[in-house]
Amino acid sequence: MTLPVFLVDELPAGDRGLLDGPEGRHAATVRRLRAGEELVLSDGSGDQVRCVIDEVLDKDALRLTVVERWTVPDPAPRVVLAQALVKGDRGELAVELATEAGVDGVVPWRAARCVTKWEEGPRGAKALARWRSTAREAAKQARRARVPSVAEPVGTAGLARLVTTSALALVLHESATAALGSVELPEDGDVLLVVGPEGGITDQELVTLTEAGAHAVRLGPTVLRASTAAAVALGALGVLTSRWE
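Conventions we followed
Residues numbered from 1 in each chain as written. Predicted model: local features only at pLDDT ≥ 70, side-chain atom pairs only at ≥ 80, totals over all residues. Heavy atoms only, no water. Pairing = 2+ DSSP bridges. Helix = DSSP H or I, 4+ residues; strand = E, 2+ residues; numbered from the N terminus. Axes fitted to C-alpha atoms, helices over the stretch in contact; angles between N-to-C directions. Contact = heavy atoms within 4.5 Å. Buried < 20%, exposed > 50% of the residue type's maximum accessible area, 1.4 Å probe, protein only. Salt bridge = Lys/Arg side-chain N within 4 Å of Asp/Glu carboxyl O. UniProt positions renumbered as here; feature names shortened; annotations may be inferred. Core = buried A, V, L, I, M, F, W, Y, C linked by side-chain atoms within 4.5 Å. Phe/Tyr/Trp six-rings, centres within 6.5 Å; stacked < 30°, edge-to-face > 60°.

Now for the sheet that holds strand 1 (residues 5-7). If you trace the five strands from one edge of the open sheet to the other, you get 1-3-4-5-2, paired in mixed fashion. Strands with a single pairing partner mark the edges of an open sheet, and in this sheet they are strand 1 and strand 2 (16-19). Neighbour to neighbour, the strand axes of the sheet diverge by 40° on average, direction disregarded. Two strands pair when backbone bridges link them, and strand 2 and strand 5 (residues 61-71) are joined in this way by four bridges, in the antiparallel orientation. Of the residues in strand 5, the one forming a bridge with Leu-18 is Arg-63. This element, helix 1 (residues 21-30), spans strand 1, strand 2, strand 4 (47-57) and strand 5 of the sheet and lies at about 155° to strand 1.

Below, the structure written as structure tokens:
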């Protein structure tokens, strides 16, 4: 079994370290790690250190000795998910599943048929914070070296601009005739994966995105929910590219 991973703002600079705060409490009290056991500290941006626990302090902090350092590079190609806003906790489920499946970045999309809109102000900021917290916790659970970024939400015009700057943009759509496996995928750069809301992507949105350079593709003969489509597509991209090698 791989070692447990704990996310910290800054990795130890030398051979000794201290894991305290919420992560230290989780390690000592919830995971009940003890002296002599090992763990991994990660800064969420690819740098990691393997440590041996020297001492448990007051059930909320651990003294550590660093035994190994390394950096996990970005996968190639990277996958950025443009996820339409989904009502209730299904948006957070979409982020959680996509993070576990390896997504590298998430862009919330204010699509026309989204029931929830994330209006400007405290409510929108709170919803965005929940997505970011979900990505962080899911990355930690999956023992990922990198926590995917969650950007500020965009409208369709902003999403079209992202299409033009991506190495490839794929819009998952039930009416598409091309299968995901038939599209030539880049070896590096960003693959932008667009998932619409439960009500579907409008014809005008599809035109706007395809005119910007996106390709409409389908995953299979069935229609997936907005909260699960990205994770399924990421699994396919993991096999079709070198991301999982």
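Strands sit in the order 8-7-6-10-9-11 across an open sheet of six strands; the sheet is parallel. Of all strands in the sheet, those with a lone pairing partner are strand 8 (149-150) and strand 11 (215-217), marking the two edges. Pairing geometry for strand 7 (residues 105-109) and strand 8, over two bridges, is parallel. Residue pairing for strand 8: Gly-105 is matched across the bridge by Ser-149.

Moving on, we get to the pairing of strand 9 (residues 168-172). Taken across its five residues, strand 9 has five buried, putting it largely inside the fold. Neither face of strand 9 is open: one carries Leu-168, Leu-170 and Leu-172, the other Ala-169 and Val-171, and all of them are buried. Bridge analysis of strand 9 against strand 10 (residues 190-195) gives four bridges, and the strand direction is parallel. Within strand 10, the position partnered with Ala-169 by the bridge is Leu-192. In this sheet, strand 11 lies alongside strand 9 in parallel orientation, the contact comprising three bridges. Across the sheet, residue Leu-172 finds its bridge partner in strand 11, namely Val-217.

The full count for this structure, using the stated rule, is 13 salt bridges. Linking Asp-104 and Arg-144 is a salt bridge whose minimum nitrogen-to-oxygen distance equals 3.9 Å. You can see Asp-104 sitting in the loop between helix 2 (90-100) and strand 7 and its partner Arg-144 sitting in the loop between helix 3 (122-141) and strand 8, a full 40 residues away along the chain. Owing to a relative accessible area of 14%, Arg-144 belongs among the buried residues under this scheme.

UniProt annotation of "domain: Ribosomal RNA small subunit methyltransferase E PUA-like" (unreviewed entry) refers to residues 19-66 when read in the numbering used here. Overall, residues 19-66 shows 21% helix and 48% strand. The separation of its end C-alpha atoms is 12 Å.

A separate point is the nonpolar core. Core analysis: the biggest nonpolar cluster contains 48 residues, and Trp-109, Leu-159, Leu-170, Leu-192, Leu-193, Val-194 and Leu-209 have the highest contact counts within it. Contact partners of Leu-159, with chain neighbours within four places excluded, come to Ala-82, Trp-109, Val-154, Leu-192, Val-194 and Leu-209. Membership of the second largest hydrophobic core comes to 15 residues, among which are Val-8, Leu-11, Leu-39 and Leu-62.

Applying the stated criterion across every chain yields a total of one aromatic pair. With 4.8 Å between their ring centres and 70° between their planes, Trp-118 and Trp-131 make a pair best called edge-to-face. Taken together, the positions of Trp-118 in the loop between strand 7 and helix 3 and Trp-131 in helix 3 put the pair 13 residues apart, joining distant regions of the chain.

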